[in-house]
Amino acid sequence: MSEYVHGYSPDEAKRLKDQSYLLSRLFYRDVHFQEGTRVLEAGCGVGAQTPHVARCAMGAKLFSLDLSMESLLRARNAATEAGVESRFLQANVFQTPFEDQSFDHVFVCFVLEHLRDPDGALLELKRLLKPGGTITVIEGDHGSCFFHPKSDEAWHVWSCLIDAQAKLGGDSLIGRRLYPLLHKAGFDKITVEPQFIYADAGRPEWVDYFTIKTIIAMVQGVKERAFEMGLTDDERWERGMRALHQTAENPEGVFCYTFFKAVGTKS
């Protein structure tokens, strides 16, 4: 594992929930788990995605796993509030408590980017799948970001997020690697679908929930780590955050980003 770069604050839990509000429209529109199947949500965190996974698994048996007990408690509350059911358990994604071929499907969202050994995690999750079972992996790629007004200052604070995560052993550029990662792990019938996000003043809901409540909140959340790691200083950080806010506040501001959803099958 690597340390979770965003931390475990209530603000981060809220950011994850806000992020899931809009992104669920893209990620789950063609996801459906058949009745009677067993589905594992690996690395459920605070449960931001759990209600969406559960709604794709009506009639299936859903299990949600995470290493953090604090996050699991929040995930249980989130599921209860959403009126969905899952069996929550604390476990390491590299050493799960399940027998071979325990699941028909595995769902992994925004997890691999935080792991020092994503290859090892995928091999463990593959072990849990029955022959013919599928894995769905969703990740972002911070290198896919571009915005207007163009600004070196805004790119500086964005780079602080990328560099801080790398120093902790993660990879915020992992979205572009989903195909080779699944292929190396031995999955077949791999498909990768880019999910492009675009926000401008003509799409105010996307500006609010994605540019402000997801992206800017995510960068702001790494401030203390960036200072501790010597990646920035007060003046550069404040200039950068002001410039980044212009992508949301300027009537001509634009923010673009690409997520990747990959599906593979165990032969």
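The rules behind each value
Residues numbered from 1 in each chain as written. Predicted model: local features only at pLDDT ≥ 70, side-chain atom pairs only at ≥ 80, totals over all residues. Heavy atoms only, no water. Helix = DSSP H or I, 4+ residues; strand = E, 2+ residues; numbered from the N terminus. Rg over C-alpha atoms; globule rule 2.2 N^0.38 Å. Contact = heavy atoms within 4.5 Å. Areas by Shrake-Rupley, 256 points an atom, 1.4 Å probe, with all protein chains shown as cover. Lys, Arg positive; Asp, Glu negative; His and termini not counted. Charge placed at Lys NZ, Arg CZ, Asp CG, Glu CD. Salt bridge = Lys/Arg side-chain N within 4 Å of Asp/Glu carboxyl O. Buried < 20%, exposed > 50% of the residue type's maximum accessible area, 1.4 Å probe, protein only. Phe/Tyr/Trp six-rings, centres within 6.5 Å; stacked < 30°, edge-to-face > 60°. Lys NZ or Arg CZ within 6 Å of the ring centre and 35° of its normal. Axes fitted to C-alpha atoms, helices over the stretch in contact; angles between N-to-C directions. Parallel < 35°, antiparallel > 145°, perpendicular 65-115°, else oblique. Left-handed = near helix turned anticlockwise from the far one by under 90°. Nonpolar A, V, L, I, M, F, W, Y, C, P; charged D, E, K, R; others polar.

(A) Expanded view of the overall build of the protein chain. Per the secondary structure count, the protein chain includes 9 helices and 8 strands. Computed over the C-alpha atoms, the radius of gyration of the protein chain is 18 Å, within 12% of the 18 Å expected from 2.2 N^0.38 for a compact globule of 267 residues. Intrachain contacts of the protein chain at a sequence separation of at least 6 include 78% that bridge at least 24 residues. When the accessible area of the protein chain is evaluated, it comes to approximately 12,100 Å², of which 50% is carbon and sulfur surface. Distance from the positive charge centre (30 side chains) to the negative charge centre (37 side chains) of the protein chain: 4 Å.

(B) The pattern of salt bridges, seen in detail. One pass over the full model with this rule turns up 12 salt bridges. The partner of Arg74 in a salt bridge is Glu70, and the shortest N-O contact between them spans 3.6 Å. Of the two residues, Arg74 and Glu70 are both situated in helix 3 (residues 69-82); the distance of 4 residues between them amounts to about one turn of the helix. The exposure class of Arg74 is partly exposed, given its relative accessible area of 25%. Using a relative accessible area of 43% as the deciding quantity, one classes Glu70 as partly exposed. Residues Lys223 and Glu238 are paired through a salt bridge, measuring 3.7 Å at the closest nitrogen-oxygen approach. Taken together, the residues span a long stretch of sequence, with Lys223 in helix 8 (residues 223-228) and Glu238 in helix 9 (residues 234-249) at a distance of 15 residues. When salt bridges with common partners are traced through the structure, they connect Asp100, Glu124 and Arg127 into a single cluster.

(C) Structural detail: the packing of aromatic side chains. Applying the stated criterion to the full structure yields 16 aromatic pairs. Ring geometry for Tyr28 and Phe107: centres 5.6 Å apart, planes at 25 degrees, overall stacked. Remark: Phe107 occurs in strand 4 (residues 103-109) and Tyr28 occurs in the loop between helix 1 (10-27) and strand 1 (38-42); sequence separation between them is 79 residues. A single burial state applies to Tyr28 and to Phe107, both of which are buried. Ring centres 6.1 Å apart and planes at 75 degrees place the aromatic pair Phe210 and Phe259 in the edge-to-face group. Here Phe259 lies in strand 8 (residues 254-265) and Phe210 lies in helix 7 (residues 204-221), a separation of 49 residues in the sequence. The pair formed by Phe210 and Phe259 is uniform in burial state, with each residue classed as buried. Here a set of aromatic residues connected by ring pairs shows up, and it is made of Phe27, Phe110, Phe147, Trp155, Trp158, Phe210, Phe255, Tyr257 and Phe259. Taking the ring centre of Phe103 as reference, the NZ or CZ of Arg38 above it sits at 5.1 Å.

(D) Layout of the packing of helix 5 (residues 152-167) against helix 7. Between helix 5 and helix 7, the least distance of the axes is 9 Å, while the angle of their chain directions is 70 degrees. By the angle between their axes, helix 5 is roughly perpendicular relative to helix 7. Judged by the sense of rotation from one axis to the other, the crossing of helix 5 with helix 7 is left-handed. For the pair helix 5 and helix 7, the contacting residues are Val157, Trp158 and Leu161 in the first and Ile215, Met218 and Val219 in the second. Here the contact of helix 5 with helix 7 is composed, by residue class, of 6 nonpolar, no polar and no charged.

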